Every structure is written in structure tokens, then in C-alpha cells.
Amino acid sequence: MKIYFAGSIRGGRNDFARYVAIVEQLREFGEVLTEHVGDVELSEIGESGTNQEIHDRDLAWLREADTLVAEVTTPSLGVGYEIATAVGWGKPTLCLFRQSEGRALSAMIAGSSGVMVRNYENAADLNDILSAFFHASAKRSGQR
Ligand code: 6IA
């Protein structure tokens, strides 16, 4: 199972510590192609490669991935773009959202029938959500 993990970078790095923890949990379910999203070195602006290189490489990884998992509490244009692309390509897509932050999730994500949105608060919630999602995704790919 190849997993593309998406989380805000230029949208804001406030949830960065959570991304690290989520990537760690995701490793139990498969190979995470985008571990850098939870990389300490990656500041809001400090990064290597041109925008086009980043865009093209990320889309190549997304195409290779079996599933997309996104943390969507901090709004990010890039994450929204990745979600829309994964849905368009028919890839199982899970969006993780923390309601306790007091934000409302974009209707374009919350209202998309191609996206599974799950509210969570802690690692225990996440474990149940991820188990159910990957179980369903594995079954789906087995049926193809
Ligand atoms: O609009 P945002 O920057 O918040 O979009 C974040 C999303 O776009 C993430 O899920 C990433 O997959 C992707 N993304 C944005 N910037 C980068 C990036 N910068 N590298 C990889 N993916 C990115 C350079 C990082 C590199 C030096 C390790």
C-alpha cells in the first residue's frame, strides 16, 4: 500500500508536530511517499527545488500512490489541489480534521462524495480511523 500524505506547508506549519505523528502511524499501514511533509527542516519558506519541480514531483508521487491521506485542519491550497486531483483519479481519499480548533472545513472537501472526512482528536481516534480506511481501500483494490 503506497500512501501519499498531504499536510499544509505554505498554508502554515502550526500542525507540523501532528503531521510527524500521523506519518509515524501511517507507516504501520504502508509506504509513505511524502514523509517530508512532516520534516522538521521544512519551514514555511525554506525549501529546495523550483515550484515547478515540486509540483511535478508531487504529482508523480500522487499518481503512484494507492491512497491519499490529508490532514486538513490548517487550510492549504496545495493540500486542496492534491485532494481534488486524487479524487479525480479515483484514489481512496481520507481527510482528517480536528473540530476542536473551531474552524469549519471547506464545503468543497466536506461536501465531496469522493472524500471520506473523519473528525479526530488524538492518536487513539486516528488508529481506529486509519484501520477502517485502509481495510476498506485494500478490499476495494482487491476487487479491481
Ligand atoms: O500550499 P501548501 O504549500 O500548504 O501545500 C502543501 C502540500 O503541497 C503538501 O501536501 C505537499 O505535498 C505539497 N508541497 C508544497 N510544498 C512542497 C515542497 N516544498 N516539497 C514537497 N511538497 C510540497 C519543498 C520541500 C523539500 C525541500 C523537502
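Residues numbered from 1 in each chain as written. Predicted model: local features only at pLDDT ≥ 70, side-chain atom pairs only at ≥ 80, totals over all residues. Heavy atoms only, no water.

**Digging into the overall build of the protein chain**
- The helix and strand tally for the protein chain stands at five helices and five strands.
- Listing every helix and strand of the protein chain by position from the N terminus yields β-α-β-α-β-α-β-α-β-α.
- For 144 residues, the compact-globule estimate of 2.2 N^0.38 gives 15 Å, and the protein chain sits close to it at 14 Å.
- For the protein chain, the residues scored as buried account for 40% of the 144 residues in total. (Helix = DSSP H or I, 4+ residues; strand = E, 2+ residues; numbered from the N terminus. Rg over C-alpha atoms; globule rule 2.2 N^0.38 Å. Buried < 20%, exposed > 50% of the residue type's maximum accessible area, 1.4 Å probe, protein only.)

**Digging into the sheet that holds strand 2 (residues 31-32)**
- Taken in spatial order, the five strands make up an open sheet running 2-1-3-4-5, and their pairing is parallel. Of all strands in the sheet, those with a lone pairing partner are strand 2 and strand 5 (115-119), marking the two edges.
- For strand 4 (residues 93-97) and strand 5, the ladder comprises five bridges, and the chain directions are parallel. Paired with Leu-94 across the two strands is Met-116, which belongs to strand 5.
- Its contacts with the sheet place helix 1 (residues 16-26) against strand 1 (2-6), strand 2, strand 3 (67-71) and strand 4, and it is angled at close to 170° to strand 1. (Pairing = 2+ DSSP bridges. Contact = heavy atoms within 4.5 Å. Axes fitted to C-alpha atoms, helices over the stretch in contact; angles between N-to-C directions.)

**Observations regarding the site of the ligand**
- Surveying the vicinity of the ligand reveals 19 residues, the closest of which are Ile-9, Arg-10, Asp-58, Ser-76 and Glu-82.
- At a separation of 2.7 Å, an oxygen atom of the ligand approaches a polar side-chain atom of Ser-76.
- Computed on the free molecule, the ligand has an accessible area of 590 Å², of which 86% lies beneath the protein chains in the complex.
- Secondary-structure elements contributing two or more residues to the shell around the ligand are strand 1, helix 2 (51-64) and helix 3 (77-88).
- Here the shell around the ligand gets four residues from one element, more than from any other, and that element is helix 3.
- Looking at side-chain class alone, the shell around the ligand contains seven nonpolar, seven polar and five charged residues. (Near = heavy atom within 4 Å. Polar contact = N/O pair within 3.5 Å; in protein donor to acceptor, adjacent residues only side chain to side chain. Areas by Shrake-Rupley, 256 points an atom, 1.4 Å probe, with all protein chains shown as cover. Nonpolar A, V, L, I, M, F, W, Y, C, P; charged D, E, K, R; others polar.)

**Structural notes on the packing of aromatic side chains**
- Applying the stated rule across the entire model yields three aromatic pairs.
- Where Phe-29 meets Phe-134, the ring centres are 5.1 Å apart and the plane angle is 20°; that geometry is what we call stacked. Remark: Phe-134 occurs in helix 5 (residues 123-143) and Phe-29 occurs in the loop between helix 1 and strand 2; sequence separation between them is 105 residues.
- Aromatic side chains Phe-133 and Phe-134 sit 5.1 Å apart centroid to centroid with 70° between the ring planes, which places their arrangement in the edge-to-face category.
- Since its relative accessible area comes to 3%, Phe-133 is described here as buried.
- An aromatic cluster is defined as three or more aromatic residues linked by ring pairs; in this entry it consists of Phe-29, Phe-133 and Phe-134.
- The positively charged end of Arg-63 is found above the aromatic ring belonging to Trp-89, 4.0 Å away from the centroid. (Phe/Tyr/Trp six-rings, centres within 6.5 Å; stacked < 30°, edge-to-face > 60°. Lys NZ or Arg CZ within 6 Å of the ring centre and 35° of its normal.)

**Observations concerning the layout of surface pockets**
- Size it by volume and the second largest pocket reaches roughly 200 Å³.
- Lining the second largest pocket are 17 residues, and of these Val-72, Pro-75, Ser-76, Leu-105 and Ser-106 lie nearest its centre.
- Of the residues forming the lining of the second largest pocket, the biggest block, four residues, is contributed by helix 3.
- Here the lining of the second largest pocket is built from residues that sort into 10 nonpolar, five polar and two charged. (1 Å grid on protein atoms, 1.4 Å probe; cavity = no way out; pocket = protein on both sides within 12 Å on 5 of 7 lines; lining within 4 Å. Points joined across faces, edges and corners; volume = space filled by probe spheres on them.)

**With respect to the packing of helix 2 against helix 3**
- Where helix 2 meets helix 3, the axes come as close as 11 Å, and the angle between the chain directions of the two elements is 40°. Put simply, helix 2 runs oblique to helix 3. In this structure, helix 2 meets helix 3 at a crossing whose hand is right-handed. Of the residues in helix 3, those in contact with His-55, Asp-58, Leu-59 and Leu-62 of helix 2 are Tyr-81, Glu-82, Thr-85 and Ala-86.
- Split into classes, the residues belonging to the contact of helix 2 with helix 3 amount to four nonpolar, two polar and two charged. (Parallel < 35°, antiparallel > 145°, perpendicular 65-115°, else oblique. Left-handed = near helix turned anticlockwise from the far one by under 90°.)

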